[in-house]
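# Notes for the structure review
Listed below are the residues making up each chain.
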Amino acid sequence: MSAAEQNAKEHFGNPNIEQRNLAAGTAAVDLGARGIITVNGPDRLDWLHSLLSQNLKNLLPGVSAEALLLDPNGHIEQVIHFLDDGETSWLVIEAEGRESFLAWLSKMIFRMKVEVADRSNNFSVIGQIGAGIPQAYVSNGVALIWQDPWPGVVTGGVRYSMARPAKWQWTESLVEVNKVEAVLAEFEKAGTMAYDALRLAAHRPRQLTEVDTKALPHEFDWMSTAVHMSKGCYRGQETVAKVHNLGHPPRRLTFLHLDGSGHFLPSAGDEVFVVGENGVVEERSRGHVTIAAQHFESGPIALALLSRSVPEDAPLVVRGESGEIDAAQEVIVPASAGKAANLPKRNLLMGGKH
C-alpha cells in the first residue's frame, strides 16, 4: 500500500462538518492514490499537444489545463490534470490508469526529444477550496497547484449546460510524501466523502466514478474544460467533432435530488427508471447512478448517466439492493446537446478563460 493510500480516509467522524470546513477553505483533504507522470524535454508540449484533446502547445508555466486521452473512436481513456513549469510537464491521472498510460506514452515517443517518468511514489495530491496549499512542491520556480477550470469554459471549449451549480474553486496541490502529515496538520481534517459531496453539488464529473468504456466527453460536459474544438489533429478528434456538430451524445450526465425519507443512499450502478404520467414505473432501466452523497445543505444527491431519450422533466426512481428512492432531475447535459454546426458557439456568449 502506498503512502497516498494510507493517508486517504473517507471521513474523520463527521462528514457534514468536514464538508462545511472544506467548503469554507479551512480544511484540506488527501485525495489518495494518483498517477503522477512527468514529461521532460524541449519537445514535450508539442508532443503532448499532438496526443491529447487540449491545446497545450503554447501553455505558459504555472497555467492549469485539463486534457483527455481518447481512443480512436473518441471514447475517454484518461482524464489528465495538467501543469507545466517551463521545463517539465506534470500529468496527474487516476491511479488505476497509471501503468497503461505510461506504457502508451513510451510507445509514442518515436524521435521526439522527451523523457517520461513515473513520480507517483514521490508525491501526494492534496485538495482544497481556495488558492491551494502554501506548502505545495515548487518545481523550476512554479508551485505545483492545479486550479480546476470547472465550471468555466476554457478557450476553444464549449459548454452545453445552462445550469448554475454550487460554487467550485477547487485546487489540487502536489506535496512531497514525507511532508504530507505535517501539511495536513495545519488544516481542519476532511475525508474523501466531503470532497465527493462538494464535487457532486458542483456537477463535477470524475473519471473514477463517471467514466466507462463507452464514455464520450460530450456526455459529461467535458467539452467545456478538456477539449479544444479548433486545435490540430489528435486521436479521436473526428468522432468528437462529428458528435458535436452533426449528432447527439447517446447519454447525458444528470444531477439527482434524492428523496431522503428512506435514510439511505443508492450505490454506484443502481439502475434508474422513468415514472410515467400515470405514476407507473417503466420496466426498462434508462440509466444508472455513478455516485451518491449526503450533502450538508442539499441533503441526499447523486450523479447519474441517463439515456438521452429520457425527458428532462421526467420523475425518476432509483432501484438498488436497499430499495427504491424517488429522484428529481437537475439537467447538466441537455438532451439537445450536439448538432451545433449552425449554432453560435456557446463560449462566445458566456465568455472563455484559460
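Please refer to the structure placed before this passage.
Report on the accompanying structure. What you see is a predicted model, and the numbers here were worked out from it, not measured in a lab.

Calculation criteria
Residues numbered from 1 in each chain as written. Predicted model: local features only at pLDDT ≥ 70, side-chain atom pairs only at ≥ 80, totals over all residues. Heavy atoms only, no water. Core = buried A, V, L, I, M, F, W, Y, C linked by side-chain atoms within 4.5 Å. Buried < 20%, exposed > 50% of the residue type's maximum accessible area, 1.4 Å probe, protein only. Helix = DSSP H or I, 4+ residues; strand = E, 2+ residues; numbered from the N terminus. Contact = heavy atoms within 4.5 Å. Salt bridge = Lys/Arg side-chain N within 4 Å of Asp/Glu carboxyl O. Pairing = 2+ DSSP bridges.

Another point: the nonpolar core. Ranked by size, the top nonpolar core spans 28 residues in total, and within it Leu68, Ile76, Phe220, Trp222 and Leu303 carry the most contacts. Elements with a minimum of two residues in this core: β3 (65-70), β4 (76-84), α6 (192-201), β13 (251-258), β15 (287-295) and β16 (299-307). Among all residues touching phenylalanine 220, those that are not within four sequence positions of it are Ile76, Trp150, Pro205, Glu210, Val211, Ala215, Leu253, Leu305 and Val333. Formed by 22 residues, the second largest nonpolar core is a distinct cluster that contains Ile37, Trp47, Leu91 and Ile109.

All told, the structure shown has 15 salt bridges when counted by the stated rule. Note that arginine 44 is salt-bridged to aspartate 84, the shortest N-O span being 2.8 Å. Separated by 40 residues along the polypeptide, arginine 44 in helix α3 (residues 44-51) and aspartate 84 in strand β4 bring together distant segments of the chain. Classification of arginine 44 as buried rests on a relative accessible area of 8%. Its salt-bridge partner being glutamate 94, residue arginine 206 comes within 2.8 Å of it at the nearest N-O pair. Of the two residues, arginine 206 is situated in the loop between α6 and α7 (207-210) and glutamate 94 in strand β5 (residues 88-94); the sequence distance between them amounts to 112 residues. Three or more residues joined by partner-sharing salt bridges are found here, namely Glu66, Asp148 and Arg204.

Turning our attention to the pairing of strand β1 (residues 27-30). Side-chain alternation along β1 places Ala27 and Val29 on one buried face and Ala28 and Asp30 on a second face that is also buried. Strand direction decides the pairing type here: β1 and strand β12 (residues 188-189), joined by 2 bridges, are parallel. Residue pairing for β12: alanine 28 is matched across the bridge by lysine 189. One ladder, built from 2 bridges, connects β1 with strand β7 (residues 123-129); its direction is antiparallel. Bridging across to β7, valine 29 finds its partner in glycine 127.

Next up on the list: unusual backbone geometry. Looking along the chain, the bond that leaves tryptophan 150 and enters proline 151 is cis, with omega of 5 degrees. With respect to the helices, strands and loops of the structure, proline 151 is situated in the loop between β10 (145-147) and β11 (170-176). Despite not being glycine, histidine 203 shows a phi value in the positive range, around 65 degrees. Taking the relative accessible area as the measure of exposure, histidine 203 reaches 2% and is therefore buried.

Looking now at the pairing of β13. Counting buried residues along β13, 7 of its 8 residues qualify, which places the element largely inside the surrounding structure. Strand direction decides the pairing type here: β13 and β16, joined by 7 bridges, are antiparallel. Considered in β16, the bridge of leucine 253 is made with leucine 305. Here β13 runs beside strand β18 (residues 323-331); their pairing, made up of 5 bridges, is antiparallel. Within the sheet, the bridge partner assigned to leucine 258 lies in β18 and is alanine 327.

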